[in-house]
Every structure is written in C-alpha cells, then in structure tokens.
Amino acid sequence: AGPGSYTVGTMSERFDCHYCRDPLHGKKYVQKEGRHCCVKCFEKICANTCIECKKPIGADSKELHFKNRYWHDTCFRCFKCYTSLVNEPFMLRENNKVWCSNCTAAEDAPRCKGCFKPIIAGDQNVEYKKMVWHKDCFTCSQCKQVIGSGSFFPKGDDFYCVSCHEHKFAKTCAKCKNPITSGGLTYQEQPWHSECFICSNCKKQLGGKRFTAVEDEFYCVECYKECVAKKCAGCKNPITGFGRGTSVVNYEDESWHDYCFKCTKCARGLANKRFVCHNGKIYCAECPKRL
C-alpha cells in the first residue's frame, strides 16, 4: 500500500481556499491535484474515506492506498489477527478485508476433521479418503489413544486401533478365547486359530487334514489309531472308521471290523446275521451243530 497523493503544508504566499475562498496565508493548507484548500474543506470535500472505519482520512492522518482503496495507517490491520500490516505483506480478500500472509495461509489450509483447526505447512498430518487430521488428532474411536501414522481399521465414520478392533469385531477362538485377526478355520460353526486346532496327542495342526473328534478332543489319523481306536478282536488292528470297514460290530465289550466278524469254522461273514458264541468263539448258526 502506498501513501496518499496530496501535500500538507503552511501557506507563505497569498492564496485563498479553492472552495470557501478564505485566505490561506499563514494557515495550514492541503494541496491536491493542483488545488489549495483549507484543512476544513479538505476533510469535508476532498478527503478519502477509510474503507475499514468508514471515516474521512484527515490531513493530519497517515493514509495508505491500494487499488483505489484507502485506509488510515492505524486501520490497516489484518482482519483476522489485527496485526498491523504497514510495511508487511498482505492480501486483499472478500469484502475488501486485508489479511496477513500467516492468516491467509491458515484460512486456505485444509481443516482437521478432529479439531477443525487448519493444517498448515509443516504440520504432521494423516490423510484418508480425502479427509485429513493433525497426526495427534487421529485417535481410536474406542480407547481414544493416538493412532497417528500407525495401523488402523475403518468402520463407517469410526476408526479403531488394531487392539480395539480385535476385541470389538474379530471372531474369538473357541479354544483360547482370543481374537482371530487373520487366517483361522471353522469347525461345527465355531472359529479356531489354526494353531489351536491341533491333535490332542501329537499337537500337530489339523487344518486341512483328516481327523477324528472324541469327547471334545481331536486326533490325527495316526494318533487315533495308536491311542484311541479299539482293536479288532479278529485281526487285532485298530478300528478307525476310515477307508474299508467303516461299519463296526460290537459284542460283549469286544469289537470287530464288519469284514472280520465271521464264523470261526467256515469263515462265513456274520455281520447283520445270526451267530452263536461258543467257548469264546463266534460261529454261524449251522457250524456248532457239526462240532
């Protein structure tokens, strides 16, 4: 902004006021655009009006102007922070208001979604889907701790740190009761960590493998054969229910593969047929008559 375009002085020659014709000799006067006038007429007729306070800028006031707009030097202040802008960089914004460079930068800066204050150059910030936060304003919706530049999970308009998301939304393992954050498997509509769904005997993981459940315990095929399965009274091998011989014959605390349950004498298969037990051995209905 520059100073006004008029001169103030004391008249030493014989001139009259251009407007009221009063003599100016020995009096203070104002010369503007080649005309001499008394101070009173200047302030009434010629003085510019301050765009800020709307009052005339008198001969005794310092005047600043910019783009045909005029201010008292005391009125030339930042609209936002009221800092004097005489000899300082400024910007003329809407409604003819002048702003300092700092307030202009802050006003034009993006607003933090957390505190709604401007994020100015140099501020650490977090951006997500065209939204921006100060780093310290980006907090977990549950525990309110600062997430900052750490990992987070969005849920609608809320954001959760890893720990709170696990406890609030993750499935809980049927065995250890801790959240399942990745992977896992489902058995009988219950979720499990892969490392929790293991053989009760050898502790190997059973995910994707054949296994047998016995009274809430799980066994791989080998451990089931070795430690749990009943032994066939005929062939003495484990009765596993896998492969050939899935059917089992039980009689007086003993068990047989269905293909091993046969007559001791004629070897006829007796599964689902009448049989006779004689001296601890199994016979078909006809063979005991021939003994």
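Model, not experiment: these values are computed from the prediction.

Analysis parameters
- Residues numbered from 1 in each chain as written.
- Predicted model: local features only at pLDDT ≥ 70, side-chain atom pairs only at ≥ 80, totals over all residues.
- Heavy atoms only, no water.
- Domains from an automatic or database assignment.
- Buried < 20%, exposed > 50% of the residue type's maximum accessible area, 1.4 Å probe, protein only.
- Helix = DSSP H or I, 4+ residues; strand = E, 2+ residues; numbered from the N terminus.
- Arc of directions from axis to C-beta.
- Contact = heavy atoms within 4.5 Å.
- Polar contact = N/O pair within 3.5 Å; in protein donor to acceptor, adjacent residues only side chain to side chain.

Asks: Quick question: what am I supposed to make of the domain arrangement of the chain here?
Replies: One frequent convention defines the size of an interface as the accessible area lost when the parts assemble. Under the domain assignment used here, the chain contains domain 1 (47-105), domain 2 (109-167), domain 3 (171-227) and domain 4 (229-290). The distance between the C-alpha centroids of domain 2 and domain 3 comes to 39 Å.

Asks: Would you take a moment to explain helix H4 (residues 221-228) for this structure?
Replies: Because the α-helix completes a turn every 3.6 residues, residues three or four places apart line up on one side. For H4, the complete set of buried residues consists of Val 221, Cys 223 and Tyr 224. End-on view of H4: buried residues confined to an arc of 165°, all on one side of the axis. Of the exposed residues in H4, the ones pointing more than 90 degrees away from its buried face are Glu 222 and Glu 226. Among the structural elements, strand S17 (211-214) and strand S18 (217-220) are those in contact with the buried residues of H4.

Asks: Explain the side chain of His 257 here, please?
Replies: If you trace the backbone, His 257 turns up in strand S20 (residues 254-257). Residue His 257 is classed as buried on the basis of its relative accessible area, which comes to 4%. Polar side-chain contacts of His 257 include one of 3.2 Å to the backbone oxygen of Pro 238.

Asks: What exactly am I supposed to notice about unusual backbone geometry here?
Replies: The phi angle of most residues is negative, glycine excepted, and most peptide bonds adopt the trans form. The phi dihedral of Asn 87 falls on the positive side, at around 65°, and the residue is not glycine. By the element assignment, Asn 87 lies in the loop between strand S6 (69-72) and strand S7 (90-93).

Asks: Is there a simple way to think about helix H1 (residues 39-46) in this case?
Replies: Buried residues of H1: Val 39, Cys 41, Phe 42 and Cys 46, and no others. The buried side chains of H1 occupy one side of the element, clustering within an arc of 160° when seen end-on. Seen from the buried face of H1, the exposed residues on the opposite side, beyond 90 degrees, are Lys 40 and Lys 44. If you follow the buried residues of H1, they end up packed against strand S3 (28-32) and strand S4 (35-38).

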